[in-house]
Amino acid sequence: MAEIEWKGIIWKAAYGDLSIKDLLTILKGHGPMEVLRFRKPGAFWGELSVSLSPRGTKEITIYHLEVEGPRRRGMGRQALLCLKTIFRGEVFVEDPGRVIRVTNADQASLPFWIKMRLEGIIDALESESVSLTPETPREEAERLLRALSEGREPLTETGAENAGQGKSKTA
């Protein structure tokens, strides 16, 4: 399996096998959408995909991100900023709720991701009870963060409409 060091991070295909040329094409945002594994030794690792939006800008979807080392405070933010700087595009996050657009984020990780959205580090966050798109007003994200800090269920306006229906509708 080919791997390449690009911008201080080691990259390889998450599934299947890609040539070095294919990896570079995907990393530059010009190839097909593929899931890539990445590792910045001693700092962080995970999986993401890079694609071009219909507007011609890069969209990065992070499927997994984990920081390394004994001192983790602030490392998640630094990892996200590093990836955002490398790709210079919108950042979406799909979070399976294990460690860290966030899908199925658990209650413990929601405050972190809402803060990252408020700081402009990620562009979208989605879970069963929360949906923050790039168009969501800042006030809505702030309201959700307050609800979480007060121990209330952080339903978005759309999520509140569907409460008790067994499904969540994203904004």
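Small disclaimer: the values here were computed from a predicted structure and weren't measured.

Comments concerning the overall build of the protein chain
Next up, step 1: Regarding its fold elements, the protein chain presents 5 helices and 8 strands.
Next up, step 2: Each helix and strand of the protein chain, placed in order from N terminus to C terminus, yields the pattern β-β-α-β-β-β-α-β-α-β-β-α-α.
Next up, step 3: Just so you have it, the protein chain exposes about 9,200 Å², and 50% of that area is on carbon and sulfur atoms.

Some points on the side chain of glutamate 68
Next up, step 1: By the secondary structure assignment, glutamate 68 is in the loop between β5 (58–67) and α2 (75–87).
Next up, step 2: When its relative accessible area of 16% is taken as the criterion, glutamate 68 is described as buried.
Next up, step 3: A polar side-chain atom of glutamate 68 sits 3.0 Å from the main-chain amide nitrogen of glycine 42.
Next up, step 4: Beyond its immediate stretch of four places on either side in the chain, glutamate 68 contacts Arg39, Lys40, Pro41, Gly42, Ala43, Phe44 and Trp45.

Here we look at helix α3 (residues 110–118)
Next up, step 1: For α3, every residue scored as buried is listed here: Leu110, Trp113, Ile114, Met116, Arg117 and Leu118.
Next up, step 2: Looking at the buried side of α3, the elements it contacts are α2, β6 (90–93), β7 (125–126), β8 (131–132) and α4 (138–149).
Next up, step 3: The first or second residue beyond α3 is glycine 120, which carries a positive phi of 80 degrees.

What about helix α1 (residues 20–27)?
Next up, step 1: Buried within α1 are the following residues: Leu23, Ile26 and Leu27. An end-on view of α1 places all buried positions within 95 degrees of arc, on one side of the element.
Next up, step 2: In the core, the buried residues of α1 are packed alongside β1 (3–6), β2 (9–13), β3 (35–40), β4 (44–52), β5 and α2.
Next up, step 3: One or two residues past the end of α1 sits glycine 29, with phi positive at roughly 85 degrees.

Regarding the nonpolar core
A general trend in soluble globular proteins is that nonpolar side chains are found buried together.
Next up, step 1: Membership of the largest hydrophobic core comes to 41 residues, with the highest contact counts inside it found for Trp11, Phe44, Leu48, Ile62, Leu83 and Phe87.
Next up, step 2: The leading source of residues in this core is α2, at 7 residues.
Next up, step 3: Excluding residues that lie within four positions of it along the chain, phenylalanine 87 makes contacts with Trp6, Trp11, Leu27, Leu48, Val50, Lys58 and Ile60.

Section: the packing of aromatic side chains
Aromatic rings considered in pairs are described by the distance between their centres and by the relative angle of their planes.
Next up, step 1: All told, the structure shown has 6 aromatic pairs when counted by the stated rule.
Next up, step 2: Taking the centre distance of 6.3 Å and the plane angle of 65 degrees together, the rings of tryptophan 6 and tryptophan 11 count as edge-to-face. Taken as a pair, tryptophan 6 and tryptophan 11 share a single burial class, namely buried.
Next up, step 3: When the ring of phenylalanine 112 is compared with that of tryptophan 113, the centres are 4.8 Å apart and the planes differ by 75 degrees; the resulting orientation is edge-to-face.
Next up, step 4: Judged by relative accessible area, which is 28%, phenylalanine 112 ranks as partly exposed.
Next up, step 5: Residue tryptophan 113 is classed as buried on the basis of its relative accessible area of 0%.
Next up, step 6: Ring pairs connect the aromatic residues Trp6, Trp11, Phe38, Phe44 and Phe87, which therefore count as one cluster.

Quick notes on the rules
In every chain, residue numbers begin from 1 and rise along the written sequence. Given that this is a predicted model, residues contribute local features only at a pLDDT of at least 70 and side-chain atom pairs are listed and counted only at 80 or more, while totals for whole chains, interfaces and linings are drawn from all residues. Computation of side-chain values covers all heavy atoms of the structure but excludes hydrogens and water. In this text, helices come from DSSP runs of H or I with a minimum length of four residues, and strands from runs of E with a minimum of two, each type numbered from the N-terminal end. For the area figures, the Shrake-Rupley method with a 1.4 Å probe applies, and any residue is considered shielded solely by the protein chains shown. We call a residue buried when its accessible area falls under 20% of the maximum for its residue type, exposed when it is over 50%, and partly exposed in between, using a 1.4 Å probe and counting protein chains only. For this analysis, a polar contact is any N or O atom pair within 3.5 Å, provided that within protein one partner can donate a hydrogen and the other can accept it, and provided that sequence-adjacent residues contribute only side-chain to side-chain pairs. In what follows, a contact means two residues having at least one pair of non-hydrogen atoms within 4.5 Å. This arc is taken over the directions from the axis of the helix to the C-beta atoms. Definition used in this section: a nonpolar core is a set of buried Ala, Val, Leu, Ile, Met, Phe, Trp, Tyr and Cys residues joined via side-chain atoms within 4.5 Å. Stacked, edge-to-face and tilted are the three classes for Phe, Tyr and Trp ring pairs, Trp counted by its six-membered ring, which pair at centre distances within 6.5 Å; planes under 30 degrees apart are stacked, over 60 edge-to-face, the rest tilted.

Geometry only, nothing functional implied.
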